[in-house]
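Residues per chain are reported as follows:
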Amino acid sequence: MESVFGLVGKDFAIVVADSSAVHSILLHKTNEDKIMLLDSHKLMGASGETGDRAQFTEYIQKNVALYQFRNGIPLTTAAAANFTRGELATALRKNPYMVNIILAGYDKETGPSLYFIDYIASLHKLDKAAFGYGSYFALSMMDRHYQRDMTVEEAVNLVDKVIMEIRSRLVVAPPNFVIKIVDKDGAREYAWRESIKDAPVIAS
Amino acid sequence: MARYDRAITVFSPDGHLFQVEYALEAVRKGNAAVGVRGTDTIVLAVEKKSTPKLQDSRSVRKIVNLDNHIALACAGLKADARVLINRARIECQSHKLTVEDPVTVEYITRYIAGLQQKYTQSGGVRPFGLSTLIIGFDPYSGVPSLYQTDPSGTFSAWKANATGRNSNSIREFLEKNYKETSGQETVKLAMRALLEVVESGGKNLEVAVMTKDHGLRQLEEAEIDAIVAEIDAEKAAAEAAKKAPPKET
């Protein structure tokens with residue numbers, strides 16, 4: 001039921017994830033942030049087993065930070081992607097992490113890039129990628145409308161089209177989505193697309 | 001005494017651990033390092049012995065980051081320092097991973113000191129031959145701290161301290177001249193203390209300043225030269241004031 005997808009534009013990359021925290025038939029919350037800031041210029045959107053998702057992405061984040069302290073320079077996106085894939089591969093034959101990852105980053109030398117890493121440690125460098133049931137609709141919409149070197153406005157337009165498809169066609173569609181962007185100025189939250197807002201807690 | 005200094009797990013009859021004391025000797029031969037804690041700034045200054053002409057001095061950093069809010073300088077065996085710093089950096093990230101909080105300065109100091117102590121009570125290993133000066137701001141309270149550890153594994157907090165070569169003279173200077181400072185005054189105090197034993201000049205000092213908002217900043221050689229010039233000018237003015245007869249008696 002979780003959807004994560006992403007695409008590369010002109011000098012930026014976007015990652016979008018739904019924000020539902022689901023436990024069997026219960027929706028715990030609708031503002032769960034599944035896109036982690038790996039470092040100043042990397043985003044890691046993850047979907048899958050809730051515990052594995054949190055544990056694994058935090059583990060990768062701390063190791064990326066450690067590399068930077070040890071070596072004085074940050075990892076490239078490609079290096080981070082290969083490291084992540086390596087960790088998944090090592091765990092695969094014993095205790096697999098059931099997490100699917102879309103890793104997006106911006107490197108000064110090579111610009112924006114996007115990596116598709118699934119739970120059995122496949123790694124693909126792509127312009128657009130998607131996970132989850134929403135991927136059926138996301139990939140179709142992106143295949144139809146995606147172009148190289150889109151502007152931020154065009155890309156967000158496409159993202160909204162995808163979200164519209166997921167909302168209208170997926171039987172248990174997640175109500176809310178978070179959009180994050182990474183470019184030369186860093187990785188940051190871009191916007192939320194909410195159709196349900198958690199009710200504010202009334203102070204007693 | 002020669003029989004009691006081989007394996008360090010053995011006490012000598014008069015209660016010494018000779019290997020630990022020899023490690024402290026190694027520290028005393030290392031380059032001078034000074035740390036000063038101000039109200040909003042903490043400064044580390046380390047002596048840079050003359051760089052060989054062909055060596056790329058940027059690859060010899062004596063003041064290092066352990067985390068975004070913690071830095072370390074040391075005196076003694078630099079190779080041992082690399083090992084200790086690596087373990088400390090891993091611990092900083094590991095702590096953040098398990099409890100989702102950055103380490104406090106005291107925690108990481110206790111960890112490093114604990115590591116140094118472990119190597120004074122194990123078979124077949126020798127102690128780390130270095131003393132460290134650890135500075136940082138506590139992540140939530142924002143309080144600045146300066147700690148020192150030594151090869152025996154003891155640690156304590158300081159307002160200002162020195163280690164390495166001539167540390168006693170530097171400490172005497174600090175005891176005489178220490179007062180609560182902030183900002184640039186803290187930098188000057190640290191540099192003045194180090195200049196007591198080190199030749200004047202930007203290429204003989206490595207200075208790093210840590211503030212709560214900007215983390216650790218290594219000063220450029222030109223900046224250091226400028227501050228050294230200020231210090232020299234202040235010293236000259238003080239000398240002249242002493243020599244000139246007082247106008248009012």
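On a predicted model such as this, the values are computed, not experimentally measured, just so you know.

Conventions we followed
Residues numbered from 1 in each chain as written. Chains lettered and ligands numbered in written order. Predicted model: local features only at pLDDT ≥ 70, side-chain atom pairs only at ≥ 80, totals over all residues. Heavy atoms only, no water. Helix = DSSP H or I, 4+ residues; strand = E, 2+ residues; numbered from the N terminus. Rg over C-alpha atoms; globule rule 2.2 N^0.38 Å. Buried < 20%, exposed > 50% of the residue type's maximum accessible area, 1.4 Å probe, protein only. Contact = heavy atoms within 4.5 Å. Areas by Shrake-Rupley, 256 points an atom, 1.4 Å probe, with all protein chains shown as cover. Lys, Arg positive; Asp, Glu negative; His and termini not counted. Charge placed at Lys NZ, Arg CZ, Asp CG, Glu CD. Salt bridge = Lys/Arg side-chain N within 4 Å of Asp/Glu carboxyl O. Pairing = 2+ DSSP bridges. Axes fitted to C-alpha atoms, helices over the stretch in contact; angles between N-to-C directions. Buried area = accessible area lost by both parts, 1.4 Å probe. Polar contact = N/O pair within 3.5 Å; in protein donor to acceptor, adjacent residues only side chain to side chain.

Asks: Quick one: what's the story with the overall build of chain B, residue by residue and with numbers?
Replies: Counting its secondary structure elements, chain B contains six helices and ten strands. Relative to the 2.2 N^0.38 estimate, which gives 18 Å for 249 residues, the radius of gyration of chain B is 19 Å and therefore close to what a compact globule would have. In chain B, which comprises 249 residues, the share counted as buried stands at 46%. A fraction of 63% describes how many contacts in chain B between residues 6 or more apart in sequence connect residues 24 or more apart. A total of about 12,900 Å² of accessible surface is found on chain B, and carbon and sulfur atoms cover 52% of it. Each charge class in chain B was averaged separately, 33 positive and 32 negative side chains, and the resulting centres sit 5 Å apart.

Asks: Residues and numbers for the pattern of salt bridges, please.
Replies: Residue and element names in this part refer to chain B. What the rule picks out here adds up to 23 salt bridges over all chains. Note that glutamate 25 and arginine 28 form a salt bridge whose closest N and O atoms lie 2.3 Å from each other. With glutamate 25 and arginine 28 both in helix H1 (residues 18-29) and three residues apart, this pair spans about one turn of that helix. In this structure arginine 28 comes out as partly exposed when scored by relative accessible area, which is 46%. For lysine 96, the salt bridge is made with aspartate 67, and the minimal N-O distance between the two is 3.2 Å. Note that lysine 96 is positioned in helix H2 (residues 78-99) and aspartate 67 in strand E3 (residues 63-67), a separation of 29 residues in sequence. Exposure remark for aspartate 67: the relative accessible area of 0% places this residue in the buried category. Connected via shared salt-bridge partners are Glu185, Lys188, Glu230 and Glu234.

Asks: Lay out the sheet that holds strand E12 (residues 186-193) of chain A in plain terms, naming residues and giving numbers.
Replies: Residues and elements named next belong to chain A. A sheet is described by the order of its strands in space; here five strands give the open sequence E10-E1-E2-E11-E12, paired in antiparallel fashion. Where the open sheet ends on each side, the last strands, each with one partner, are strand E10 (128-131) and E12. On average, adjacent strands in this sheet sit at an angle of 15° to one another, irrespective of strand direction. Summarising the sheet, strand E2 (residues 12-18) and strand E11 (residues 177-183) pair through seven bridges and their orientation is antiparallel. If you follow alanine 17 over to E11, its bridge partner there is valine 178.

Asks: Account for the interface of chain B and chain A, with residues named and values stated.
Replies: Counting residues at the interface gives eleven residues for chain B, matched by seven residues for chain A. Approximately 880 Å² of surface area, both sides summed, lies buried where chain B meets chain A, with 63% of it carried by carbon and sulfur atoms. For chain B, the biggest contributors to the area lost against chain A are Arg89(B), Gln93(B) and Leu97(B); these three give 60% of the whole. The interface formed by chain B and chain A holds zero salt bridges in total. Linking chain B to chain A there are two residue pairs in polar contact (both at pLDDT 80 or more). Among the secondary structure elements, those contributing two or more residues to the side of chain B that touches chain A are E3 and H2 of chain B. Tallying contributions element by element places H2(B) first for the side of chain B that touches chain A, with six residues.

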